[in-house]
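# Structural overview
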Amino acid sequence: MGFNYTGVEIREEEYNRVKDQMKDWGMSFNFILGDSLSYIPNENFDFIFTCPPYYDLEVYSDLKDDLSNANSYGEYLEMLQKVLKICYQVLKKDCFAVFVVGNFRNKKGELEHLNGDLISQAKKVGFKLWDELIWEGASSVALTRCGKFEKNRKSVRMHEYIIILKKG
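Since the model is a prediction, treat every value here as computed from it, not as a measurement. (Residues numbered from 1 in each chain as written. Predicted model: local features only at pLDDT ≥ 70, side-chain atom pairs only at ≥ 80, totals over all residues. Heavy atoms only, no water.)

Here we come to the sheet that holds strand E4 (residues 91-101). One open sheet holds the four strands; their spatial order is E3-E4-E8-E7, and the pairing between them is mixed. Two strands bound the open sheet, and with one partner strand each, they are strand E3 (45-50) and strand E7 (128-136). Here the average twist between neighbouring strands, direction ignored, is 15 degrees. Along the sheet, helix H2 (residues 73-90) contacts E3, E4 and strand E8 (159-166); its crossing angle with E4, the most-contacted strand, is approximately 145 degrees. The sheet strands contacting helix H3 (residues 114-124) are E4, E7 and E8, and the helix crosses E8 at an angle near 10 degrees. (Pairing = 2+ DSSP bridges. Helix = DSSP H or I, 4+ residues; strand = E, 2+ residues; numbered from the N terminus. Axes fitted to C-alpha atoms, helices over the stretch in contact; angles between N-to-C directions. Contact = heavy atoms within 4.5 Å.)

Listed below in structure tokens is the structure:
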């Protein structure tokens, strides 16, 4: 669409896949192999879009600053707050940061309210909650687990939240 774009990806295989896709599409943009805690740009942005790891549901790398390697959910939220602070610092005034997140069950089967926790952490660094949308995007895995409700009495998440934050 003619915009300048900067992307940060922690997984080398995903980074390489995107680089190959850029070649196929004849595109080029600033793309960094790294993590959001160590890459602090010296420019400001009009818009931020991201989908952070859902704690330890999927481990992205073995890097120390990878959010998916946090030792506890509390540590994960502290790391997430640091990412939010960086986002706030590099975002231009009156611009938006969009986070796609979903609530999830931890290894004990307890529901973690990542949606609300992200909003709470974002407000601590100065963001204003501008909007919250529900995106229905059930995976095929979720659909296969629906029939197990009677056994484990846990519903299956069939949606994610699109959290829209504004820097005032």
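Having seen it, we continue.
Another point: unusual backbone geometry. With a phi angle near 55 degrees, Tyr55 is a residue other than glycine that sits in the positive phi range. Residue Tyr55 is classed as buried on the basis of its relative accessible area, which comes to 9%. One non-glycine residue, Asp94, lies in positive phi territory at about 65 degrees. Along the chain, Asp94 turns up in strand E4. (Buried < 20%, exposed > 50% of the residue type's maximum accessible area, 1.4 Å probe, protein only.)

This part is about the packing of aromatic side chains. Under the definition given, this model contains 11 aromatic pairs. On the numbers, 5.7 Å between centres and 75 degrees between planes, the contact of Tyr55 with Tyr73 is edge-to-face. In this pair, Tyr55 sits in the loop between E3 and H2 while Tyr73 sits in helix H2, placing the two residues 18 residues apart along the sequence. Note on Tyr73: relative accessible area 12%, which makes it buried. In this structure, Lys167 is placed above the aromatic ring of Tyr88, and the distance from its NZ or CZ to the ring centre is 4.8 Å. (Phe/Tyr/Trp six-rings, centres within 6.5 Å; stacked < 30°, edge-to-face > 60°. Lys NZ or Arg CZ within 6 Å of the ring centre and 35° of its normal.)

Let us now look at the packing of H2 against H3. Interhelical geometry of H2 versus H3 gives an angle of 45 degrees and a closest axis separation of 9 Å. With respect to H3, the axis of H2 lies oblique. Considering the relative orientation of H2 and H3, their crossing is right-handed. Of the residues in H3, those touching H2 at Tyr73, Tyr76, Leu77, Leu80, Gln81 and Leu84 are Leu114, Asp117, Leu118, Gln121, Ala122 and Lys124. In the contact of H2 with H3, the residues fall into eight nonpolar, two polar and two charged. (Parallel < 35°, antiparallel > 145°, perpendicular 65-115°, else oblique. Left-handed = near helix turned anticlockwise from the far one by under 90°. Nonpolar A, V, L, I, M, F, W, Y, C, P; charged D, E, K, R; others polar.)

For E8, the tally of buried residues reaches six of eight residues, placing the bulk of the element in the interior. Note: E4 against E8, six bridges, orientation antiparallel. Counterpart to Val101 in the pairing with E8 is Tyr161. Here eight bridges tie E7 to E8, and the two strands are oriented antiparallel to one another. Bridging across to E8, Ile134 finds its partner in Tyr161.

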